[in-house]
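# Topology and contacts: notes
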Amino acid sequence: KRRLLQELRGKENVTVDGQKVLIYANIGSPSDMGAVLANDAGGIGLFRSEFLYLESSGYPSEEEQFAAYRTVAETAAGKRVVIRTLDIGADKQVDYFQLPKEDNPAMGYRAIRICLTREDVFKTQLRALYRASAFGNIAIMFPMITSVWEVREIKRIAAEVREELKAAGIPYSEEVELGIMIETPAAAMISDRLAPEVDFFSIGTNDLTQYTLAIDRQNQKLERFYDAHHPAILRFIKLVADNAHKAGIWMGICGELAADPELTETFLAIGVDELSVSPPYVLELRRRVRETNVAEVREKLLAAFME
Ligand code: PEP
Ligand code: MG
């Protein structure tokens, strides 16, 4: 079976009736790039940048970050690399941030909320990301968005960083796409308002499911109640896809659900542009896409959760 999958390297992600989808990979550190290339992913849909902060005993410097992002960008050799900014919180303990203990870390001071409070930390990461953009096709993605004002503030800070780099004569790409994770019900519900603000959406189904079903994703006791295929989640995904396409931006899914073989046809029926999965799932997903005739199943699959 592995050998048969290997024969799909270099092949297109296209359905029987000609619909295409991007299949990207999720990574957690530059050392995962070998697996990405071996499995022929079309790009990186989610590079979780937390490892830089978790492995370090103090704030990682701009140079350290730049080196890691540059390595990934160069190794990807022109393929799109979506790097997500810092997503830590009270659940992922990083001593030097001195985060107070919280009763509800999942709903607490985390991710973009830290970045918009600690602009110095945020700017250091953005400088490193923009500098690395001169060495490959980097896109920047922001986690845990709930409101339009957050996105506007992010864009203001990103513009300041570009101005500072320009003034200092430091090269960066003018083409860097800025996107957001859709992983809160609020963001999904107002995705029509968020779409005109950004270049792309990526749905984080791990958190979106947690917040929508009110189920702590780390609580084993709730497994029976954790319905990953809940119609509320599938409706959100369709809403987000429709709103993205109305605004002319691309959208994908980078949560675990993207790799769920039972949903591949449904995602194609919804019209998602990209699925980002752990590297070992890339070729299996390509196989499923190439076996699907979307036109034949679209109406039935959509009716299953829309009606
Ligand atoms: C998600 O929430 O689905 C996601 C991709 O991000 P993380 O798992 O890192 O929270
Ligand atoms: Mg998340």
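Structure: see above.
Cut-offs applied
Residues numbered from 1 in each chain as written. Chains lettered and ligands numbered in written order. Predicted model: local features only at pLDDT ≥ 70, side-chain atom pairs only at ≥ 80, totals over all residues. Helix = DSSP H or I, 4+ residues; strand = E, 2+ residues; numbered from the N terminus. Rg over C-alpha atoms; globule rule 2.2 N^0.38 Å. Buried ≥ 20, exposed ≤ 12 C-beta atoms within 10 Å, placed from the backbone. Contact = placed C-beta atoms within 7 Å. Near = placed C-beta within 6 Å. Nonpolar A, V, L, I, M, F, W, Y, C, P; charged D, E, K, R; others polar. Core = buried A, V, L, I, M, F, W, Y, C linked by C-beta atoms within 7 Å. Axes fitted to C-alpha atoms, helices over the stretch in contact; angles between N-to-C directions. Parallel < 35°, antiparallel > 145°, perpendicular 65-115°, else oblique. Left-handed = near helix turned anticlockwise from the far one by under 90°. Expected span 1.5 Å × (residues − 1). Right-handed = clockwise from strand over helix to strand, strands pointing away. Pairing = 2+ DSSP bridges.

Counting secondary structure elements, the protein contains 14 helices and 8 strands. Its C-alpha atoms give the protein a radius of gyration of 19 Å, within 12% of the compact-globule value 19 Å for 307 residues. Overall, the protein is about 55 × 45 × 35 Å in size when its C-alpha atoms are taken along their principal axes. Considering the protein as a whole, with its 307 residues, one finds that 42% of them fall into the buried category. In the protein, the proportion of contacts linking residues at least 24 apart, taken out of those at least 6 apart, comes to 70%.

Take the site of ligand 1 next. The local shell around ligand 1 consists of Leu46, Arg48, Asp87, Glu183, Gly204, Thr205, Asn206, Asp207, Cys254 and Gly255. Within the residue set of the shell around ligand 1, elements represented by two or more residues are strand 2 (44–48) and helix 10 (205–213). With 3 residues, helix 10 is the largest single contributor of residues to the shell around ligand 1. Partitioned by chemical class, the residues of the shell around ligand 1 number 2 nonpolar, 4 polar and 4 charged.

Core analysis: the largest hydrophobic core is formed by 84 residues, its most contacted members being Ile44, Tyr69, Val81, Ile138, Ile180 and Val240. With 7 residues, the top contributor of residues to this core is helix 11 (residues 231–246).

Each pair of packed helices can be described by the angle between their axes along with the distance between the axes. Two numbers describe how helix 6 (residues 119–132) lies on helix 7 (residues 148–167): the axes approach to 10 Å, and their chain directions differ by 55°. What the angle tells us is that helix 6 and helix 7 run oblique. Of the two elements, helix 6 crosses helix 7, and the hand of that crossing is right-handed. Here Glu119, Phe122, Lys123, Leu126, Arg127 and Tyr130 of helix 6 come into contact with helix 7, specifically with Ile157, Ala158, Val161, Arg162 and Leu165. The class makeup of the residues in the contact of helix 6 with helix 7 is 7 nonpolar, no polar and 4 charged.

Turning our attention to the environment of isoleucine 83. Tracing the backbone shows isoleucine 83 in strand 3 (residues 80–84). Leaving out residues up to four positions away in the same chain, isoleucine 83 has contacts with Phe47, Ser49, Tyr69, Leu129, Ile138, Ile140 and Met141.

With 15 residues, helix 4 (residues 62–76) ought to run about 21 Å at 1.5 Å a step, and its terminal C-alpha atoms sit 21 Å apart, in line with that. Buried within helix 4 are the following residues: Gln65, Phe66, Ala68, Tyr69, Arg70, Val72, Ala73 and Ala76. Summarising the contacts, the buried residues of helix 4 are in contact with helix 2 (33–38), strand 2, helix 3 (50–54), strand 3, helix 6 and strand 4 (137–142). Among the residues trailing helix 4, alanine 77 stands out with phi positive, at a value near 50°.

Every regular strand shows the same layout, with side chains that alternate between the two sheet faces. For strand 2, the tally of buried residues reaches 4 of 5 residues, placing the bulk of the element in the interior. Since strand 1 (residues 22–27) and strand 2 lie parallel, the crossover through helix 2 that links them has a hand, and here it is right-handed. Note: strand 2 against strand 3, 3 bridges, orientation parallel. Residue pairing in the sheet places isoleucine 44 in a bridge with valine 81 of strand 3.

Before going further, it helps to examine unusual backbone geometry. For glutamine 98, which is not a glycine, the phi torsion comes out positive at approximately 50°. With respect to the element layout, glutamine 98 can be found in the loop between strand 3 and helix 5 (112–117). Of note in the backbone geometry, alanine 214 takes a positive phi value of approximately 55° without being a glycine. Tracing the chain through its elements places alanine 214 in the loop between helix 10 and helix 11.

Before going further, it helps to examine the sheet that holds strand 1. In sheet architecture, strand pairing relies on hydrogen bonds along the backbone and comes in two forms, parallel and antiparallel. Here 8 strands make up a closed barrel; going around it, the order is 1-2-3-4-5-6-7-8 and the pairing parallel. Mean inter-strand twist for the sheet, computed between neighbouring axes without regard to direction, equals 25°. Here 4 bridges tie strand 4 to strand 5 (residues 177–182), and the two strands are oriented parallel to one another. The residue of strand 5 that forms the bridge with alanine 139 is glutamate 177. Contacts from helix 11 reach strand 5, strand 6 (200–203) and strand 7 (250–253) within the one sheet, and its direction differs from that of strand 7 by about 160°.

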